[in-house]
Amino acid sequence: MNKSILGVGNAIVDVFCHVNEEFLKENNLVKGSMKLINKDEFNTLKKKIKIDKILAGGSAANTMAGISYLGGNASFIGKINSDEFGKLYKKSLEDINVKFNYIEKSEDLSTGASIILITPDSERTMCTYLGISSQLSANDLHEEKILNKGLIFLEGYLWDKGISEKMFKHLIKLAKTKEIKIAMSLSDIFCVTRHKEDFIHLLKDDLDILIGNEKEIIELAGAENIIDSINQLKKFNKLLVVTMSEKGSLAMLNNEIINCEAHKVAKTLDLTGAGDLFAAGFLKEYVDQSEIKKCLYSGSLIASKVIQKVGARLN
């Protein structure tokens, strides 16, 4: 199997800061959620916080960074502007050996950014200004950068009606012509709620691998618990991967459930990127044609490392 992995997603600059629970209440934010905001809201919120760290991020990009950290062959496509944040974004990926397969140019909208608010319990709440990142279109995809890959990883965050939906479908059509494996993360429970019907159709018709946490999978299936959800979704005969925090992770393949225990950690500092890095460990082993149990183990191990530091990067 071709071991190169291409991630496609929102190119977002991550702005990290620590806040208390009261800050979330004062700003009408739901803890643990990802809220889309406009540029004015972003600038207003930015004035209220003390910035701890700025990094290039975005869910799929974080996963590619993790794959590179593990020694894998990773590249990324995401839309940026040729502004200050855009240049920072491109350089930060190239510095960690993730190939950036998008040619930036001057755009009307600025590069996207996300303010990540970390509460004392290490939970993260995101306020995201998508900027130009949400305008990734089929015209931004170069076939030669796609058709030489073994697996394409898409983030659920990217799915939206209009430009992104057309891009998503075009990319999947291209991948299918070369029998390239297609994996997708569900990204966020609110994302699943918004696009449930579309995600079910993607799982049924297009995806080879679906990765989500326990709440996201239950929401997608509309079931009461994770076992009922898995039983409902197994009819599509795809590889389903579920993360369950301290309860570990599991995968459903060929009607068989494979379980993996979570790795114990001394102290959790920040849950940002835990799911993204789990996907990195899992997919790196998957393209190496490891057994599913080892894929789960690797995902769990790298996720346990990233939650012991601030941010979604280990490299």
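We now turn to the structure provided with this report. (Residues numbered from 1 in each chain as written. Predicted model: local features only at pLDDT ≥ 70, side-chain atom pairs only at ≥ 80, totals over all residues. Heavy atoms only, no water.)

Next up on the list: unusual backbone geometry. In the Ramachandran plot, Asn 237 falls in the positive-phi region, its phi being about 60° despite a non-glycine side chain. Here Asn 237 shows up in the loop between helix 9 (226–233) and strand 12 (239–243). A positive phi angle, close to 55°, is found at Asn 254, a residue other than glycine. Relative to the assigned elements, Asn 254 resides in the loop between strand 13 (249–253) and strand 14 (256–260). (Helix = DSSP H or I, 4+ residues; strand = E, 2+ residues; numbered from the N terminus.)

The buried fraction of strand 12 amounts to 5 of the 5 residues, a majority that puts the element mostly inside the structure. Here strand 12 shows no split at all, with Leu 239, Val 241 and Thr 243 on one side and Leu 240 and Val 242 on the other all buried. With 5 bridges joining them, strand 11 (residues 209–213) and strand 12 adopt parallel strand pairing. Residue pairing in the sheet places Asn 213 in a bridge with Thr 243 of strand 12. As judged from the 4 bridges shared by strand 12 and strand 13, these two strands associate in the antiparallel manner. Each residue of the ladder has a partner; that of Val 242, found in strand 13, is Leu 250. Between strand 12 and strand 13, which pair antiparallel in sequence order, lie 5 residues; one of them, Ser 245, sits at a positive phi of approximately 50°. (Buried < 20%, exposed > 50% of the residue type's maximum accessible area, 1.4 Å probe, protein only. Pairing = 2+ DSSP bridges.)

Moving on: the side chain of Ser 114. Among the secondary structure elements, Ser 114 is positioned in strand 7 (residues 112–118). In this structure Ser 114 touches Ile 12, Val 13, Asp 14, Val 15, Phe 42, Met 126, Cys 127 and Thr 128, once residues within four positions along its chain are discounted. (Contact = heavy atoms within 4.5 Å.)

On to the sheet that holds strand 5 (residues 73–77), then. One key point about sheets: their strands pair by backbone hydrogen bonds, in either a parallel or an antiparallel sense. Overall, mixed pairing links the 9 strands, which are arranged 6-5-1-9-10-11-12-13-14 in an open sheet. In this open sheet, the two strands that pair with only one neighbour each are strand 6 (99–100) and strand 14. Packed on one face of the sheet, helix 3 (residues 59–69) meets strand 1 (4–8), strand 5, strand 9 (151–155) and strand 10 (181–185) and runs near 160° to strand 5. Lying on the sheet, helix 9 is in contact with strand 12, strand 13 and strand 14; it crosses strand 12 at an angle near 165°. (Axes fitted to C-alpha atoms, helices over the stretch in contact; angles between N-to-C directions.)

Our next topic: the side chain of Ser 185. Mapped onto the elements of the fold, Ser 185 is located in strand 10. A distance of 3.4 Å separates a polar atom in the side chain of Ser 185 from a polar atom in the side chain of Ser 187. Those residues in contact with Ser 185, other than ones at most four positions away along the chain, are Ser 59, Phe 153, Leu 154, Glu 155, Gly 156 and Ile 211. (Polar contact = N/O pair within 3.5 Å; in protein donor to acceptor, adjacent residues only side chain to side chain.)

The next subject is helix 11 (residues 292–306). Because each turn of an α-helix spans 3.6 residues, side chains separated by three or four positions in sequence point in the same direction. The end-to-end C-alpha distance of helix 11 is 21 Å, a good match for the 21 Å that 15 residues give at a rise of 1.5 Å each. When helix 11 is considered as a whole, its buried residues turn out to be Ile 292, Cys 295, Leu 296, Ser 298, Gly 299, Ser 300, Ile 302, Ala 303, Ser 304 and Val 306. Those residues of helix 11 hidden inside the fold are in contact with helix 3, strand 12, strand 13, strand 14 and helix 10 (274–287). (Expected span 1.5 Å × (residues − 1).)

Right, let's talk about the nonpolar core for a bit. Counting residues in hydrophobic clusters, the biggest one holds 54 residues, and the most contacted among them are Phe 76, Tyr 89, Leu 117 and Phe 282. Beyond its immediate stretch of four places on either side in the chain, Leu 117 contacts Cys 17, Val 19, Phe 23, Leu 24, Leu 29, Ile 49, Glu 123, Arg 124, Thr 125 and Cys 127. Residues Phe 168, Ile 172, Ile 180 and Ile 226 belong to the second largest nonpolar core, which totals 47 residues. (Core = buried A, V, L, I, M, F, W, Y, C linked by side-chain atoms within 4.5 Å.)

We now examine the sheet that holds strand 8 (residues 124–129). Strand order in this open sheet of 5 strands is 3-8-7-2-4, and the pairing throughout is mixed. The open sheet has two free edges, formed respectively by strand 3 (34–36) and strand 4 (53–57), since each of these has just one partner strand. Adjacent strand axes in the sheet meet at a mean angle of 25° when their direction is disregarded. Two elements, strand 2 (residues 12–18) and strand 4, share 5 bridges in a ladder whose sense is antiparallel. Note that in strand 4 the partner of Val 13 across the bridge is Ala 56.

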